[in-house]
Amino acid sequence: MTDARRDAPRTRLLLVGGWPAIVEKALRAADEVVLFHGNPTEIDPALQDACRIVQPIDTQDETTCIQRARTLHRTHPFTGVIAVRDVDCMAAAGIRDALGIAGNSRASVSLTRNKISMRRALSNGPLDTVAWAAAYDRAEVRAAVARLCAASGKPVIVKPASGRGSLNVRLVSRENVEAVLATHTDAGLADGLIVERFVEGAEYSVETLSLNGHHHLLGVTEKLNPPRAPYFVEEGHLFPARLTDTVLVDIRARVFRLLDTLGITQGLCHTEIKVDEGIAHLIETHARPAGDRIWRLMELALGIDPIEIGFTALVGRPASLPETVPAVRLAAIGYVCGDGGRVSTASVDSSIHEIPGLVESRLLFQSGAMAPPTQDSYSRHAFVIITNARECALRDNLETALSRIKVLCTPVPSAVVAQRPLPPQTENARK
Ligand SMILES: Nc1ncnc2c1ncn2[C@@H]1O[C@H](COP(=O)(O)OP(=O)(O)OP(=O)(O)O)[C@@H](O)[C@H]1O
Ligand SMILES: [Mg+2]
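Our subject in this report is the structure included herewith.

Looking at helix H2 (residues 20-29), one finds that the buried residues are Pro 20, Ile 22, Val 23, Lys 25, Ala 26 and Ala 29. Tucked inside the fold, the buried residues of H2 contact strand E1 (12-16), strand E2 (32-37), helix H3 (45-50), helix H12 (294-302) and helix H13 (306-314).

So, in structure tokens, the structure goes:
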């Protein structure tokens, strides 16, 4: 064997997008990491240096990413490819198909990226428990709302088929359908809206890790102050949720069936459900780690690093998990939400550090900034992460910690804060 052959890395992971903590995990999991990133300046220079190649590239441009990956693959063959944010997932899946390397297939990932495609894939099977209709213009939305409202006798959910961050998710009846339609452009409608029966019950997300086609249930996350009309914003999460064994067994079976139906074989998935009278109904799924730092709650609660374990298995290194992964403590995140305006006060009382189990508290808008009203995941104002071995103490401490954060805003004309483009997937609303 030549020296060059002997020194060649055994595993090379192509990471599409991500943030510093994810790059660190990739570097621990594979011999070499190549990073495709839309804005590598977000990644610390030392981490960039540790990567074999850092390629500035528009990770939402799947074709260009595939071309670049193909060229690099000739000289730097990749073992596997992965992404952890919604916006990067299609490029990673396209590269996987084009190069024939380890990763989730384009067909699977595209089913998770479009809620209409996902519901269609589940049609007439045991997971088809929520009446729905696809709509691509105003007339179709009106007809679907009228039909599904009549069938359930209640308002229905209308949301973008490829939405994220609870943007434009609305509870709609025949009375407010025109007002909701007025908020959509024709082009937006042409991308597809999905109209769904409103599912009652408590809301959870199910965090799974698939290692070479074998699924593991890492735990179920409770959505605190459950998302509700008018904007269905997520205000907090607690991991792991306390559920009866019967419900857990049902959730596990349904979500594993979902992953098999969609063809997911690798990595973390985040599946949102509502549990009504003991039955889990699917809301949506994502072939990536949970957003809102739930991935961090899992690390704190489980004492393992599921993302790193997923990366390790992807590149073919030994990685395994027991069938059940017990939590050693609980962890929760709570968000501060508000009506928005010019921020007059943004402060975290220093006494917050006396709260047992405090992991992090962070202001997302500083004094003087314009904070939007909280209407989606991108417009929350601050957050706190906390751990505890006891659930009661965790909930109490979370409430106390949130009360020690102040983001006070002076109202301004709504047009000033309402006109904002679709936000990027920043550190603070990672989806
Ligand atoms: N059919 C439904 N019945 C009841 N509630 C629903 C339904 N669909 C969506 N919701 C509510 O709206 C919220 C946002 O919907 P969904 O998760 O599908 O959109 P999203 O924009 O992809 O969300 P995110 O990216 O924040 O997870 C859900 O968490 C849930 O509270
Ligand atoms: Mg969701």
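What follows picks up the thread again.
As a further point, take the coordination of the magnesium ion (ligand 2). Bound to the magnesium ion (ligand 2) are the protein donor atoms Glu 272 (OE) and Glu 284 (OE), situated 1.9 Å from the metal. Taken as a pair, Glu 272 in strand E12 (residues 267-276) and Glu 284 in strand E13 (residues 279-286) lie far apart in primary sequence, 12 residues in all. We note that Glu 272, like Glu 284, is buried.

In the vicinity of ligand 1 lie 24 residues, with Lys 115, Lys 159, Gly 165, Glu 203 and Glu 284 positioned nearest. With respect to ligand 1, the backbone of Gly 163 contributes an N or O atom lying 3.4 Å from an oxygen atom. Surface burial for ligand 1 is 100%, taken as the share of its 610 Å² of free accessible area covered by protein chains. Elements supplying a minimum of two residues to the shell around ligand 1: strand E6 (156-160), strand E8 (193-197), E12 and E13. Looking at the shell around ligand 1, its residues break down into eight nonpolar, four polar and 12 charged. Here the shell around ligand 1 spans two domains, and each of domain 2 (131-197) and domain 3 (199-328) adds at least three residues to it.

Let us look at the nonpolar core. Core analysis: the biggest nonpolar cluster contains 62 residues, and Leu 13, Leu 15, Leu 218, Phe 311 and Ile 405 have the highest contact counts within it. Of all the elements, H12 adds the most residues to this core, at seven residues. Sequence-distant contacts of Ile 405, defined by excluding residues within four places in its chain, comprise Val 336, Ser 347, Val 348, Ile 352, Ser 361, Leu 363, Ala 382, Phe 383 and Val 384. Judged by nonpolar contacts, the second largest core, of 45 residues, contains Leu 99, Leu 259, Ile 273 and Ala 287.

With that settled, consider the packing of aromatic side chains. Taken as a whole and assessed by the stated rule, the structure comprises three aromatic pairs. Here the aromatic rings of Phe 198 and Phe 232 are separated by 6.4 Å at their centres, their planes lie at 45 degrees, and the arrangement is tilted. In this pair, Phe 198 sits in the loop between E8 and strand E9 (202-211) while Phe 232 sits in the loop between strand E10 (214-223) and strand E11 (236-239), placing the two residues 34 residues apart along the sequence. Accessibility classification places Phe 198 together with Phe 232 in one group, the buried group.

So, about helix H4 (residues 62-75). Note: α-helices contain 3.6 residues per turn, so residues at a spacing of three or four share the same orientation. Over its 14 residues, H4 runs 21 Å from end to end, which matches the ideal 20 Å to within 8%, given 1.5 Å per residue. Restricting attention to buried positions, one finds in H4 the residues Glu 62, Cys 65, Ile 66, Ala 69 and Leu 72. The buried residues of H4 occupy one face: seen down the axis, they fall within an arc of 135 degrees. Relative to its buried face, H4 has exposed residues pointing more than 90 degrees away, namely Thr 63, Arg 74 and Thr 75. Tucked into the core, H4 has its buried residues touching E1, E2, strand E3 (53-56), helix H5 (86-99) and helix H6 (106-113).

Along the chain, Arg 106 falls in helix H6. Judged by relative accessible area, Arg 106 falls into the partly exposed class, the value being 33%. Through-space distance from the C-alpha of Arg 106 to that of Cys 51 is 25 Å; in sequence the pair is 55 residues apart. When residues no more than four places from it in sequence are discounted, the contact partners of Arg 106 are Glu 62, Met 90, Ala 93, Gly 94 and Asp 97. One polar contact links Arg 106 to Glu 62, side chain to side chain, over a distance of 2.6 Å.

With that settled, consider unusual backbone geometry. The omega torsion of the bond from Ala 229 to Pro 230 falls at 5 degrees, within 30 degrees of zero and hence cis. On the secondary structure map, Pro 230 appears in the loop between E10 and E11. A cis amide bond, omega -5 degrees, links Phe 239 with the succeeding residue Pro 240. With phi around 50 degrees, Glu 277 is a residue other than glycine that occupies positive phi space. Relative to the elements of secondary structure, Glu 277 occurs in the loop between E12 and E13.

Reading guide: rules and limits
Residues numbered from 1 in each chain as written. Chains lettered and ligands numbered in written order. Predicted model: local features only at pLDDT ≥ 70, side-chain atom pairs only at ≥ 80, totals over all residues. Heavy atoms only, no water. Buried < 20%, exposed > 50% of the residue type's maximum accessible area, 1.4 Å probe, protein only. Helix = DSSP H or I, 4+ residues; strand = E, 2+ residues; numbered from the N terminus. Contact = heavy atoms within 4.5 Å. Donors = N, O, S within 2.8 Å, 3.2 Å for Na, K, Ca; no water. Near = heavy atom within 4 Å. Polar contact = N/O pair within 3.5 Å; in protein donor to acceptor, adjacent residues only side chain to side chain. Areas by Shrake-Rupley, 256 points an atom, 1.4 Å probe, with all protein chains shown as cover. Nonpolar A, V, L, I, M, F, W, Y, C, P; charged D, E, K, R; others polar. Domains from an automatic or database assignment. Core = buried A, V, L, I, M, F, W, Y, C linked by side-chain atoms within 4.5 Å. Phe/Tyr/Trp six-rings, centres within 6.5 Å; stacked < 30°, edge-to-face > 60°. Expected span 1.5 Å × (residues − 1). Arc of directions from axis to C-beta.

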